[in-house]
Amino acid sequence: MVIYGWRSAHLRSTKSQTATCPSCATKGATIISVFSRHAHIFWIPLFPFSKTGTSQCEHCKFSMKKKEMTEEIKNEYNNLKMDVKPPIWQFAGLVLFSFLLVWIIYMGKEGKKMDQEYLAAPAIGDIYEYKTESGAYSTLKVMQVTSDSVMVSPNDYEIKKKSRLYKIDKKENYPDYSYGISKGDLIKMYNQKEIFDINR
């Protein structure tokens, strides 16, 4: 279950020297506070998206939300809000996801680089993940390598999601027979994305 929502963080509070409490009419006793709202997922702050505030009279403890403030208090609140900025930690999720995205891109490039090396020098036991003519996914296992081709054994099973290919990549699912594919055709199949990953 994904837990998400928003929270508030206190930015700053100041005591007004001029505002009058609408409840007890005490002047100079109102504390104005500003909070920054941020979105979160699994309690990791993603980014701030708004500011809000409250006021409270030190004398009678009467408090108001932003929409309830008198014009006098609201003006002071707006001035305070303009002076404060959200803390850096409220951007932690964006920074984390940025690093994650960079890592995914890097690993994708490294994976393609390794695939090219595996295509150039096939080895017995290599597993080619490919899309079948029916639109499902399956695997081929390299059983023998010659100077210009490889002998592969086709997996007996197919699966609808390529992310679950590991479930059918089992020794007992590869039959005893195999057929040959030239190294040139392997490269062509990879470039045309028929073969989309190689595991060694």
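Just so you know, these numbers come straight off a predicted model, no measurement behind them. (Residues numbered from 1 in each chain as written. Predicted model: local features only at pLDDT ≥ 70, side-chain atom pairs only at ≥ 80, totals over all residues. Heavy atoms only, no water.)

Asker: Give me the environment of L165: which residues, what numbers.
Answerer: Among the secondary structure elements, L165 is positioned in the loop between β7 (149–154) and β8 (179–182). With relative accessibility at 2%, the residue L165 sits in the buried group. Once the C-alpha coordinates of L165 and T139 are considered, the two residues, 26 residues apart in sequence, prove to be 7.7 Å apart. (Helix = DSSP H or I, 4+ residues; strand = E, 2+ residues; numbered from the N terminus. Buried < 20%, exposed > 50% of the residue type's maximum accessible area, 1.4 Å probe, protein only.)

Asker: Residues and numbers for the pattern of salt bridges, please.
Answerer: According to the stated counting rule, one finds two salt bridges in the structure shown. For K15, the salt bridge is made with E58, and the minimal N-O distance between the two is 3.0 Å. In this pair, K15 is assigned in strand β1 (residues 4–15) and E58 in the loop between β3 (44–57) and β4 (63–65), connecting sequence segments 43 residues apart. By relative accessible area, which is 39% here, K15 ends up partly exposed. Among the salt bridges present, the one from R200 reaches D126, with a minimum N-O distance of 2.8 Å. On the criterion of sequence distance, the pair formed by R200 in the segment after β9 (195–199) and D126 in the loop between α2 (92–120) and β5 (127–131) is long-range, its members being 74 residues apart. R200 sits in the exposed class, given a relative accessible area of 52%. Judged by relative accessible area, D126 falls into the buried class, the value being 0%. (Salt bridge = Lys/Arg side-chain N within 4 Å of Asp/Glu carboxyl O.)

Keep in mind these numbers describe shape, not what the thing actually does.
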